[in-house]
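Structural features, examined
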Amino acid sequence: MSKRAADDESLAAPLKGGDRPEAMDVDKDHDMGEFEDDFEDEFESEDEIIEAGVDGRPDAEREAEEGAMDVDGGPETFMVGRQQLEAGQTLTPDTTTYKMLHSLSTPWPCLSFDIIRDGLGENRNVYPATMYTVAGTQADGAQANDNSLLVMKFSGLSKMQGEDGEDSDDEDSDDEDTDPILEHKSIPLNTTTNRIRSHQSPSQDPLRPPTTLTATMTESSQVLIHDITPHLASFDSPGMIVTPQQNKPVCTIRAHKTEGYGVDWSPLHPAGKLLTGDNDGLIYVTTRTDGGGFVTDTRPFRGHTGSVEEIQWSPSEANVFASASSDGTVRVWDVRSKSRAPALTMKISNYDVNVMSWCRQTSHLLATGADDGEWAVWDLRQWSSNPSAKPAPLANFNFHHEQITSIEWHPTDDSIVAVAAGDNTVTLWDLAVELDDEESRDTAGVSDVPPQLLFVHYQNMVKELHWHPQIPGALVATGEQFSVFRTISV
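Residues numbered from 1 in each chain as written. Predicted model: local features only at pLDDT ≥ 70, side-chain atom pairs only at ≥ 80, totals over all residues. Heavy atoms only, no water.

1. Section: the overall build of the protein
Rules: Strands are runs of DSSP state E lasting at least two residues, helices are runs of H or I lasting at least four, and both sets are numbered from the N terminus onward. Note on exposure labels: buried denotes an accessible area under 20% of the residue type's maximum, exposed denotes more than 50%, and partly exposed covers the range between, all computed with a 1.4 Å probe on protein chains only. When checking whether two residues touch, look at their non-hydrogen atoms; a contact exists if any pair is within 4.5 Å. Accessibility throughout is a Shrake-Rupley quantity obtained with a 1.4 Å probe, and a residue counts as covered only by protein chains that appear here.
When its secondary structure is counted, the protein shows three helices and 32 strands. Here the protein holds 490 residues, and 48% of them are scored as buried. Considering only residue pairs separated by 6 or more positions, the protein has 58% of its internal contacts joining residues 24 or more positions apart. With an accessible surface of roughly 25,000 Å², the protein has 46% of that area assigned to carbon and sulfur atoms.

2. Observations regarding the pattern of salt bridges
Rules: Between Lys or Arg on one side and Asp or Glu on the other, a salt bridge is scored when a side-chain nitrogen of the former is within 4 Å of a carboxyl oxygen of the latter.
Inspection of every chain in the model, using the stated rule, returns 11 salt bridges. Across the salt bridge formed by D118 and R124, the nearest N and O atoms sit 2.7 Å from each other. Judged by its relative accessible area of 15%, D118 falls in the buried class. Here D379 makes a salt bridge to R381, at a shortest N to O gap of 2.9 Å.

3. Structural notes on unusual backbone geometry
The peptide bond linking Y127 to P128 adopts the cis configuration, its omega dihedral lying at 0°. Mapped onto the secondary structure, P128 falls in the loop between β6 (110–116) and β7 (129–137). Despite not being glycine, S221 has its phi angle at roughly 85°, a positive value. In this fold, S221 is placed in the loop between β11 (211–218) and β12 (223–227).

4. Examining the sheet that holds β12
Strands belonging to one sheet form pairs held by backbone hydrogen bonds; the direction of such a pair is parallel or antiparallel. Stated formally: Being paired, for any two strands, means DSSP has found at least two bridges between them. Orientation is described by lines fitted to C-alpha atoms, with helices fitted over the stretch in contact, and by angles between N-to-C directions that extend from 0 to 180 degrees.
Strand order across the open sheet formed by four strands is β10-β11-β12-β13, with antiparallel pairing between neighbours. At either margin of the open sheet sits one strand with a lone partner, and together these are β10 (193–201) and β13 (251–253). Each strand of the sheet is rotated relative to its neighbour by a mean of 20°, with strand direction disregarded. Where β10 and β11 come together, eight bridges link them in antiparallel fashion. Across the sheet, the residue bridging to R195 is M217, located in β11.

5. Some words on the pairing of strand β18 (residues 308–313)
Buried residues dominate β18, accounting for six of its six residues. The sheet contact formed by β18 and strand β19 (residues 320–325) spans five bridges and is antiparallel. The residue bridging Q312 from the neighbouring strand is A322, located in β19. Taking the residues that link successive antiparallel strands as the turn, the β18-β19 hairpin has six residues.

6. Points about the side chain of D430
Of note, D430 is situated in strand β28 (residues 425–430). Discounting residues that sit within four places of it in the chain, D430 has contacts with S415, I416, Q452 and L454.

7. Structural notes on the packing of aromatic side chains
Stated formally: Pairing of aromatic rings covers Phe, Tyr and the six-membered ring of Trp, with a centre-to-centre limit of 6.5 Å; geometry is then stacked below 30 degrees between planes, edge-to-face above 60, and tilted otherwise. Criterion for a charge above a ring: Lys NZ or Arg CZ within 6 Å of the ring centre, and within 35 degrees of the ring normal.
A full pass over the atoms with the stated rule returns 14 aromatic pairs. Between W378 and W383 the ring centres are 6.0 Å apart and the planes differ by 70°, which places this aromatic pair in the edge-to-face class. Its relative accessible area of 7% is what places W383 among the buried residues. Pairing F397 with W429 gives two aromatic rings, centres 4.7 Å apart and planes at 40°, and the pair type is tilted. Residue F397 is found in strand β25 (residues 395–397), and its partner W429 is found in strand β28; the two are separated by 32 residues along the sequence. On the accessibility criterion, W429 (0% relative accessible area) is buried. An aromatic cluster is built from F301, W313, F321 and W333, whose rings are joined through pairwise contacts. Over the aromatic face of F301 sits the side chain of R340, whose NZ or CZ is 4.0 Å from the ring centroid.

The following block contains the structure:
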């Protein structure tokens, strides 16, 4: 990231299209790199031949002087989260490193969101891009009644333009460098959303869209399930009105006595099967019936001695799930267990384990992120019920110096991981990088940077991120604003 003096910025209108970062001011005069001249001059004397370099001096003399200049100082790479901006400075992104980059504002910040699959096609590379999301707001305490569930459509997401005005790549595009547009349907909640997850149940009628359900873990301890199918349809159906009845939850789960953050829909139960976990360390399972109703098993899963921070269903086993807790453990459970006790318990950190992601491509891989800024990858095949067993992670990184707030595997590549942290950064990682590869070890002179680190994206107060499952390489993250971007690295 580069630095520039802060400029006056106009406030973006709420729920109006976002803006794209302006191109950086680039000096027109750049020093040329060194190159070998096949016709360089030679100065001859009676005693010797001296080959002169590009400036007429011997190479050794010139290189020694350049080395001394490098020691004295020069432009440094600014590392977000490691270095502090000086007064009057702000960060601006290097737009040449992005294929797409947009910011969109909502009336209140959103702690959590989810991306909703759509019918616009798989592996889309056409711009401007369109995507659908759902999020819950975090209004100021005095204005808690302003909180809502936001069903949103992002459109006009154009890709970056090259310096010559041409498209930055060869992908098909109707892009006219338009500003992004954020449309939304608001569902009143009157409470803060801690975390939200969506689920789509296929329709029996192939001509009808799937039923899209959301589960919202709220600050009030209630879990609200909404059917947002009509809200999504209204974006592309002019004149369609969402009724007040359709804004009401189809189910309210009141089993929890405290608020929580753990919530996940099973990808292997099409009708809908939901797990929710709270600050008391209790986990409940709710199942959608054939008639469309919901039944919550009142027998909780017990075992954690701290709050349940994250829950993830196994991507390959319909009855297995994992939970992460502030007690520093990850526990693996079987929903068929009559004892409601964990099958495996693994102490992986001395700090809160905040987030977790189960790899869908390689289901024995689990990524975790903790409160001390460390994130790690585990091979579940090495875990056992033996309490003395202490398997080591396959990989672990301490690059971030603040808590990990979100982590997610790439949807189609089991070597790529995206991580968000409290140091206001989103980082992309390639676990396939070989440590003994000399090129991979080159970090451009910046110390303390793992070679697996691909990219660092700055976003203030970033809380959660998700890869878009249908737009390769596209990421959405929420913080003070929504950031929608795609880098040249992935």
